Each structure stands twice: as C-alpha cells, then as structure tokens.
Amino acid sequence: MNSSDSTAKPAYIIKDSKIHGKGAFATRKIPEGTLIAEYEGERISWQKAEKRHAEKEGNSSHTFFFSLESGRIIDGGSGGNDARWINHSCAPNCEAREEKKRIFIYALRDIKRGEELNYDYGLQLEERHTAKLKRTYACLCGAKNCRGTMLAPKR
C-alpha cells in the first residue's frame, strides 16, 4: 500500500537520504491526512527482537523494529516493505498510528513533491538516558527544533 488511490502513481520512492542511509521521498503532492503506507514486516516477540539485535554485526543500534501496544514487534527488516525506509525527524511531516494491531503512516501536513517523508520515532528505553545512549540514538534530521536524539523525552 504505497498510495491512497491504487490507480495513482506511488506516493513515494526510495533513494539516498541526507538524513540517514536511504529515505522515502514524495513522488507527488500528498495532502494532509493522507494514508501513505502501512509499516509491514514479520511479527515477533520482544525476546526474539532482542536476540536478533544482539546477533547483529558491529553492535549497531539500527533496526527496523516497530513496537505495538500489545508488546509484539513488527520487524520491517524481515518481510517488510519500503515504509521501513521512512527516516526520523524532530519536525516530522508524517505520523505513525497503530490501528487494530497494524501501523499506518499518515501525512501530518501537506507534503510537497520531492520532500523526504519522516516521522518522530520517539524511541522509548527504560534505562537512564545518558549522553552515551543519546549519541547511540543520535538524530541527524537538522530541524531547527532538533533534540539531538531519536529517543522520546523522559517525563
């Protein structure tokens, strides 16, 4: 599902991003409120996600995991679609919403053709948010209000 209208051209394409690695870029104007994509992938437990993360080479914090309210994880890196390439931003133009144990990406505002799609990952970790941890999850979005990390503020 890469479009709200199956007869229209896809809402986005994947190409190199200035933010991080690959990114999703609008191929046309996307009006506010438009359903852009479903985040797809294998459904796994937290335990399996932790095991997969521990087995990664280079001890990278980069994953395609998306947690659901049920405690299950969608692993976009296993059976996922192009929605996994939507990068984080502290000034997002999209938002992820959980609906009936599925994740959908919607436009928060009108998005111009060529603009990179992004949403606030708001990563939640129980451990103390040390400077080292914040660097591990550093944000490179470049927004005026960038908080410097993809971690959600602890409140």
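Placed above this text is the structure.
Summary of the structure given here. (Residues numbered from 1 in each chain as written. Predicted model: local features only at pLDDT ≥ 70, side-chain atom pairs only at ≥ 80, totals over all residues. Heavy atoms only, no water.)

**Quick notes on the packing of aromatic side chains**
Right, on to step 1. Enumeration over the complete set of coordinates arrives at four aromatic pairs.
Right, on to step 2. Seen from their ring centres, Tyr-39 and Phe-66 are 5.2 Å apart, and the 50 degrees between their planes marks the pair as tilted. Remark: Phe-66 occurs in strand 5 (residues 65–67) and Tyr-39 occurs in strand 3 (residues 35–39); sequence separation between them is 27 residues.
Right, on to step 3. Among the residues examined, Phe-66 registers a relative accessible area of 16% and is labelled buried.
Right, on to step 4. With centroids separated by 5.2 Å and ring planes inclined at 50 degrees, the aromatic side chains of Tyr-119 and Tyr-121 adopt a geometry described as tilted. (Phe/Tyr/Trp six-rings, centres within 6.5 Å; stacked < 30°, edge-to-face > 60°. Helix = DSSP H or I, 4+ residues; strand = E, 2+ residues; numbered from the N terminus. Buried < 20%, exposed > 50% of the residue type's maximum accessible area, 1.4 Å probe, protein only.)

**What to know about the pattern of salt bridges**
Right, on to step 1. Tallied over the full model, the rule gives seven salt bridges.
Right, on to step 2. Put simply, Arg-102 and Glu-38 hold a salt bridge, and the shortest N to O gap is 2.7 Å. Residue Arg-102 is found in strand 9 (residues 102–107), and its partner Glu-38 is found in strand 3; the two are separated by 64 residues along the sequence.
Right, on to step 3. We note a salt bridge from Asp-120 to Arg-147, for which the minimum N-O separation is 2.6 Å. Highlighted residues: Asp-120 in the loop between strand 10 (118–119) and helix 2 (131–136) and Arg-147 in the segment after helix 2, separated in sequence by 27 residues.
Right, on to step 4. Look at Asp-120 and you get partly exposed, because its relative accessible area is 29%.
Right, on to step 5. For Arg-147, a relative accessible area of 30% gives the class partly exposed.
Right, on to step 6. Ionic contacts of the salt-bridge type, sharing partners, join the residues Glu-42, Arg-52 and Asp-75 into one network. (Salt bridge = Lys/Arg side-chain N within 4 Å of Asp/Glu carboxyl O.)

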